[in-house]
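# Descriptive structure summary
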Amino acid sequence: MEATWIPILNLKVEIEELWDEIAAAIHHVLRSGTFIMGQQVHAFEREAAEYLGVKHAVSVNSGTDALVIGLKAAGVGPGDEVITTAFTFFATAEAISQVNARPVFVDIDPVTLNLDPALIEQAITPRTKAILPVHVFGLAAEMKSIMEISEKYGLKVIEDTAQAFGGGYRGAKLGTLGDIGCYSFFPSKNLGAYGDGGLIATNNDGIAEVAQMLRVHGSRQKYYNELIGYNSRLDELQAAILRVKLPHLDHWNELRRQVAAKYDELLKELEDVTIPAKAPYSEHVYHQYTIRIGSNKRNDVHTKLKELGIGTMIYYPTPVHRLPVYAHLGFQLPYTEQAAREVLSIPIWPKLEHHTQKIIAESLQKAILS
Ligand SMILES: *Cc1c(COP(=O)(O)O)cnc(C)c1O
């Protein structure tokens, strides 16, 4: 008998569940003959702003563009420094470099894997313009301290919320505590489109206005360009699909928490395994369920799980400050580097079944003991 492969993420369950509604939404857009900046985009922006509890939601072409345009709209530019984490996807730092500012990496809290607020102040210089925390894997960064530091030094705060749409910090939605929240609708994210997409959330009228201009070639009015901008728009099809999905998001995130709680129970006694941290201030949305494997066993476990038919991923094998484009900056971040050696993300999606989780847990035990 051939063993069945358990992928790290299964999007087919959700597509099947929503098939009729999604198909109707797609038909509606095709029939409308409007594909860019139409009714669907405007409606989605209104609905997303209402869901998040912010004044403005500005849709763009990707999470990366949300960061680039968000940084620019916040006034970050050449010569500025932005304090951020290196335990993230490359795009976080890439966006800072794209606006000709410099990423200043500080180490993570070894438990939460998020930017350690206790290390921020010593990294501040006269050039520091902003702090860019990432709510990594869906767990909130410690926003209270970050906001206090930003107020003390007059810095902007841009939240990379690509992995945490719907997540919370003490009752407020992530991405709405700082000046700007940046979201990604990459298909694998908690609120995923069926293609690329992104969003900027802000309560600041001025930032929203500039972001709205930057996404359409720096113009308020067609063919009257006031800024050097981008072509970065969410299209009508993706907006229509996201409108179908948004009302389900809270339920799906709750199901992710239930899957995570089951894993916690199955894995907490396992030798050499540390289950993901929780934080009292965070409403976790488990974009990933990421365990840590000690005793230098992570790479072997990763390989063995693959042989056993379980898809797992290492997010991220090389921390951003060690990647070829940033290695010359010479940052040394011991906790970030240790995390990169130990982390392993195992399968999670809202409707992952208990019996499949048991198979995964048993395979993990086998892989660790062999
Ligand atoms: C996915 C992701 C991005 C980039 O989003 P895209 O939509 O793929 O451009 C940025 N930051 C983090 C932390 C991400 O996980």
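Okay, so let's go over this structure. From a predicted model like this one, the values you see are computed outputs, not experimental measurements. (Residues numbered from 1 in each chain as written. Predicted model: local features only at pLDDT ≥ 70, side-chain atom pairs only at ≥ 80, totals over all residues. Heavy atoms only, no water.)

With respect to spatial proximity, 16 residues lie near the ligand, and among them Gly 63, Thr 64, Asp 160, Ser 184 and Lys 189 are the closest. Separating an oxygen atom of the ligand from a side-chain N or O atom of Thr 64 is a distance of 2.5 Å. Within the side chain of Lys 189, an N or O atom sits 3.1 Å from an oxygen atom of the ligand. The fraction of the free accessible surface of the ligand (390 Å²) that becomes covered by protein chains is 92%. When contributions to the shell around the ligand are tallied by element, the ones reaching two or more residues are helix 4 (63-73) and helix 5 (91-98). Of the residues forming the shell around the ligand, the biggest block, 3 residues, is contributed by helix 4. The residue inventory of the shell around the ligand, partitioned by class, reads 6 nonpolar, 8 polar and 2 charged. (Near = heavy atom within 4 Å. Polar contact = N/O pair within 3.5 Å; in protein donor to acceptor, adjacent residues only side chain to side chain. Areas by Shrake-Rupley, 256 points an atom, 1.4 Å probe, with all protein chains shown as cover. Helix = DSSP H or I, 4+ residues; strand = E, 2+ residues; numbered from the N terminus. Nonpolar A, V, L, I, M, F, W, Y, C, P; charged D, E, K, R; others polar.)

This part covers the sheet that holds strand 14 (residues 289-293). The 3 strands lie next to each other as 12-14-15, forming an open sheet whose pairing is antiparallel. In this open sheet, the two strands that pair with only one neighbour each are strand 12 (273-274) and strand 15 (343-346). Packed on one face of the sheet, helix 10 (residues 298-307) meets strand 14 and strand 15 and runs near 25° to strand 15. (Pairing = 2+ DSSP bridges. Contact = heavy atoms within 4.5 Å. Axes fitted to C-alpha atoms, helices over the stretch in contact; angles between N-to-C directions.)

With that settled, the discussion passes to the pairing of strand 9 (residues 198-202). With 5 of 5 residues buried, strand 9 lies mostly within the body of the structure. Sheet topology note: the strand 1 (residues 56-60)/strand 9 ladder contains 5 bridges and is antiparallel. Note on strand 9: the bridge partner recorded for Val 60 is Gly 198. Strand direction decides the pairing type here: strand 8 (residues 180-184) and strand 9, joined by 4 bridges, are antiparallel. Across the sheet, the residue bridging to Ser 184 is Gly 198, located in strand 9. (Buried < 20%, exposed > 50% of the residue type's maximum accessible area, 1.4 Å probe, protein only.)

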